[in-house]
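In case you want the letters, here they are:
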Amino acid sequence: MNQVNISQMLMSAVLFLGASAEARNFAIGLTRAGEPIGAVEIPAASQTAPLVVLMSNLESDLVAEYQAIPQNRRRFRLIAIPTANMKLAFPPTGVAYKENTESHYLWRWIGTHAPDLVLVAGDDWGLIGALGGNVPARHIEPSQRLLNAVGNLKPSEARKEMDRRLRRTPVQLANELEPHYGHEWPQAVYVPGMALIGRMRLGYTKDVQRIVAPFLAGQDPLDKPTGSHFAGHLVFAELAERTGDRRYVELVRRAADFGFEA
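Please read these numbers as outputs of a predicted model, since none were measured by experiment.

Q: How would you sum up the environment of Leu131? Please name residues and give values.
A: Along the chain, the position of Leu131 falls in helix 4 (residues 127-131). Every residue in contact with Leu131, bar those within four places of it in the chain, is listed here: Trp107, Ile110, Val118 and Ala137.

If you want it as structure tokens, here you go:
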């Protein structure tokens, strides 16, 4: 049975139970062939309930079993991902999303959703070991009852870390990012330039002046201009406002002059 058929089987089970409005069928990524990697979510009584992910390349009634429980009695959210006919390996290797495409999508998706438990029916492709305890993971037999396999749920280490990150203030987040971004600017381009502006807002204006000094000393920020280079001049505008140095104004004016002709 291929992945598409298993996806259809999972959704058919939900429809058969007459509660399809409760279930959400969605895609979490694309296969190497460009086909959606499908999943189905069975909600719990609360959106803040623990999250259990079921990955399976086998036929089973596990999803239908959980869907049959009234929603107000479900103590965890269940997301089922059929993986039949996927060639997977964890942790994924190669160029992300170009090589081992499905593995990269699934690995990143698990990381960003921080489940409290991953259950694997069939081959685990090294996933259980690769998660390393940050997300508890174990095998489940197709004949096993889902609730027995889940047992007592506790927040995973990944969930705790995700919750910690979500509680950060903007300043806390900026201070965590600052040691890693905005410490070089070989070209006056937009995205790394935003990191420089962020560092200025944290009080590192003098260090940013040091970083951009080559452009005041003669390096042409518009040697081969692109839209990113024009937008990058926001850094010079920010420096002009903070320092009052007219040399930064002239750099911004020169970029603005590209918008006009005789």
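From this point on, the discussion continues.
Q: Explain the nonpolar core residue by residue, including any values.
A: Core analysis: the largest hydrophobic core is formed by 24 residues, its most contacted members being Ile28, Met55, Ile81, Leu106, Trp109, Val118 and Leu127. At the level of secondary structure, the elements contributing two or more residues to this core comprise strand 1 (24-30), strand 2 (36-42), strand 3 (51-56), strand 4 (77-82), helix 3 (101-113), strand 5 (117-121) and helix 4. Residues Ala23, Tyr66, Ala80 and Ala149 belong to the second largest nonpolar core, which totals 19 residues.

Q: Report on a nonpolar patch on the surface, specifying residues and quantitative values.
A: Side chains of Leu173, Leu177 and Tyr181 sit close together on the surface and give an oily, nonpolar patch of about 280 Å² of accessible area. By the element assignment, Leu173 lies in helix 7 (residues 170-177). With relative accessibility at 33%, the residue Leu173 sits in the partly exposed group.

Q: Explain helix 9 (residues 205-216) to me, using residue names and the numbers behind them.
A: Spanning 12 residues, helix 9 covers 15 Å between terminal C-alpha atoms, matching the ideal 16 Å at 1.5 Å per step. Looking only at helix 9, the buried set comprises Thr205, Val208, Ile211, Val212 and Phe215. Taken around the axis of helix 9, the buried residues stretch over an arc of 125°, which confines them to a single face. Exposed side chains of helix 9 directed beyond 90 degrees from the buried face belong to Lys206 and Arg210. In the core, the buried residues of helix 9 are packed alongside helix 8 (190-201), helix 11 (234-243) and helix 12 (246-256). Gly218 sits one or two residues past helix 9 and shows a positive phi near 130°.

Q: Tell me what's going on with the packing of helix 8 against helix 11, and back it up with residues and numbers.
A: Here helix 8 crosses helix 11 at 20°, and the two axes come no closer than 9 Å. In terms of axis orientation, helix 8 runs roughly parallel to helix 11. Judged by the sense of rotation from one axis to the other, the crossing of helix 8 with helix 11 is left-handed. Contacts between helix 8 and helix 11 involve Tyr190, Gly193, Met194, Leu196, Ile197, Met200 and Arg201 on the former and, on the latter, Leu234, Val235, Glu238, Leu239 and Arg242. Along the lines of polarity and charge, the residues of the contact of helix 8 with helix 11 split into eight nonpolar, one polar and three charged.

Rules used throughout
Residues numbered from 1 in each chain as written. Predicted model: local features only at pLDDT ≥ 70, side-chain atom pairs only at ≥ 80, totals over all residues. Heavy atoms only, no water. Helix = DSSP H or I, 4+ residues; strand = E, 2+ residues; numbered from the N terminus. Contact = heavy atoms within 4.5 Å. Core = buried A, V, L, I, M, F, W, Y, C linked by side-chain atoms within 4.5 Å. Buried < 20%, exposed > 50% of the residue type's maximum accessible area, 1.4 Å probe, protein only. Patch = residues over 30% accessible without salt bridge, like charges linked within 9 Å, V, L, I, M, F, W, Y side chains within 5 Å. Areas by Shrake-Rupley, 256 points an atom, 1.4 Å probe, with all protein chains shown as cover. Salt bridge = Lys/Arg side-chain N within 4 Å of Asp/Glu carboxyl O. Expected span 1.5 Å × (residues − 1). Arc of directions from axis to C-beta. Axes fitted to C-alpha atoms, helices over the stretch in contact; angles between N-to-C directions. Parallel < 35°, antiparallel > 145°, perpendicular 65-115°, else oblique. Left-handed = near helix turned anticlockwise from the far one by under 90°. Nonpolar A, V, L, I, M, F, W, Y, C, P; charged D, E, K, R; others polar.

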